[in-house]
Amino acid sequence: MAAGLRAVRRWGLVAAAPPRLAFTRSAFVAKKANNAQPNWLGVGLAFGSSAALWGFLIKQHDEDVAEYERRKRARGRKCTGCS
Amino acid sequence: MAFLPDESRSLPPPPLFNKGSVWLGFVGWLASLADNAFNQRPVIRAGVHRQILFASVGFFVGYQLVKRAEYVHAKVDREMFEYVRHHPVDFQPATG
């Protein structure tokens, strides 16, 4: 613990250069991110997932509205105290 | 307990664009902009597919949360009105 405290103090006193990569990963598996070339697989997955999410959400909303209307009709005038 | 029990479908569903869904969609979009900033990319021009995905996920989560919140509020209201109905003596209008 004392060694760790000494190390922290050393890092605090010496201003380190900010790392170029945003995240620190093992050098054995990390690749430098290339933002110039589109990662078409990632783009396709992102747009596909967004389209799936929106489709599911809109379908679920329409089903909810239909189910609410159906239950309201089935309940009829039985319960006047609730909404 | 289920996130959205079956009886929650007896409630009118909230509109698709409600406070929770719009706000969390906006927060998701901001998160994608922050991701651009942290990875030293142009903040709004980069990763439009990412911005759309994050905003969509936020919108979706916000909508589900609002549905659950409305269900919980309705359930609590129902229990409260049932209690009031069963204890009329405690809830007379003030006579002074």
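Refer to the structure presented above.
Note that the structure is predicted; figures quoted are calculated from it, not measured. (Residues numbered from 1 in each chain as written. Chains lettered and ligands numbered in written order. Predicted model: local features only at pLDDT ≥ 70, side-chain atom pairs only at ≥ 80, totals over all residues. Heavy atoms only, no water.)

(A) Fine view of the overall build of chain A. A count of helices and strands for chain A gives 2 helices and 0 strands. As displayed, chain A offers around 7300 Å² of accessible surface, 64% of which is attributable to carbon and sulfur atoms. (Helix = DSSP H or I, 4+ residues; strand = E, 2+ residues; numbered from the N terminus. Areas by Shrake-Rupley, 256 points an atom, 1.4 Å probe, with all protein chains shown as cover.)

(B) Representation of the overall build of chain B in the model. Looking only at helices and strands, chain B has 2 helices and 0 strands in total. The globule rule puts the C-alpha radius of gyration for 96 residues at 12 Å, and the 21 Å found for chain B is more than 25% above it. Taking the principal axes of its C-alpha atoms as reference, chain B extends roughly 70 × 35 × 20 Å. Out of the 96 residues in chain B, the part that is buried amounts to 29%. Put simply, chain B shows about 6300 Å² of open surface, and 68% of that area lies on carbon and sulfur atoms. With 10 positive and 8 negative side-chain charges, chain B shows a spacing of 14 Å between the two charge centroids. (Rg over C-alpha atoms; globule rule 2.2 N^0.38 Å. Buried < 20%, exposed > 50% of the residue type's maximum accessible area, 1.4 Å probe, protein only. Lys, Arg positive; Asp, Glu negative; His and termini not counted. Charge placed at Lys NZ, Arg CZ, Asp CG, Glu CD.)

(C) Representation of the nonpolar core in the model. Core analysis: the biggest nonpolar cluster contains 6 residues, these being L53 and L57 of chain A together with L16, F59, F60 and Y63 of chain B. Elements with a minimum of two residues in this core: α2 (40-75) of chain A together with α2 (48-86) of chain B. Looking at this core element by element, the count peaks at 3 residues for α2 of chain B. Excluding residues that lie within four positions of it along the chain, L53 of chain A makes contacts with S56, V57 and F60 of chain B. (Core = buried A, V, L, I, M, F, W, Y, C linked by side-chain atoms within 4.5 Å. Contact = heavy atoms within 4.5 Å.)

(D) A look at the interface of chain B and chain A. Each side of the interface is counted separately: chain B has 24 residues, and chain A has 24 residues. Together chain B and chain A conceal approximately 2200 Å² of surface at their shared face, both sides included; 62% is due to carbon and sulfur atoms. Sorting the residues of chain B by area buried against chain A places R9, H49 and F60 of chain B first, and these three jointly supply 28% of that buried surface. The residue D64 of chain A makes a salt bridge to K67 of chain B at a minimum N-O spacing of 2.5 Å. For the side of chain B that touches chain A, the element with the highest residue contribution is α2 of chain B, accounting for 10 residues. By residue class, the composition of the side of chain B that touches chain A is 13 nonpolar, 6 polar and 5 charged. (Buried area = accessible area lost by both parts, 1.4 Å probe. Salt bridge = Lys/Arg side-chain N within 4 Å of Asp/Glu carboxyl O. Nonpolar A, V, L, I, M, F, W, Y, C, P; charged D, E, K, R; others polar.)

(E) Region of interest: the environment of G62 of chain B. All names here are of chain B. Relative to the elements of secondary structure, G62 occurs in helix α2. For G62, a relative accessible area of 1% corresponds to the buried category. Put simply, G62 and L24 are 38 residues apart on the chain and 5.4 Å apart in space, counted from C-alpha to C-alpha. Contacts of G62, omitting those with residues within four sequence positions, involve G20, S21 and L24.

(F) Molecular detail of the packing of α2 of chain A against α2 of chain B. Remark: α2 of chain A packs on α2 of chain B, axes separated minimally by 9 Å, with the N-to-C direction vectors making an angle of 25 degrees. Judged by the inter-axis angle, α2 of chain A sits roughly parallel to α2 of chain B. In this structure, α2 of chain A crosses over α2 of chain B, and the sense of that crossing is left-handed. Class assignment for the residues of the contact of α2 of chain A with α2 of chain B results in 13 nonpolar, 8 polar and 2 charged. (Axes fitted to C-alpha atoms, helices over the stretch in contact; angles between N-to-C directions. Parallel < 35°, antiparallel > 145°, perpendicular 65-115°, else oblique. Left-handed = near helix turned anticlockwise from the far one by under 90°.)

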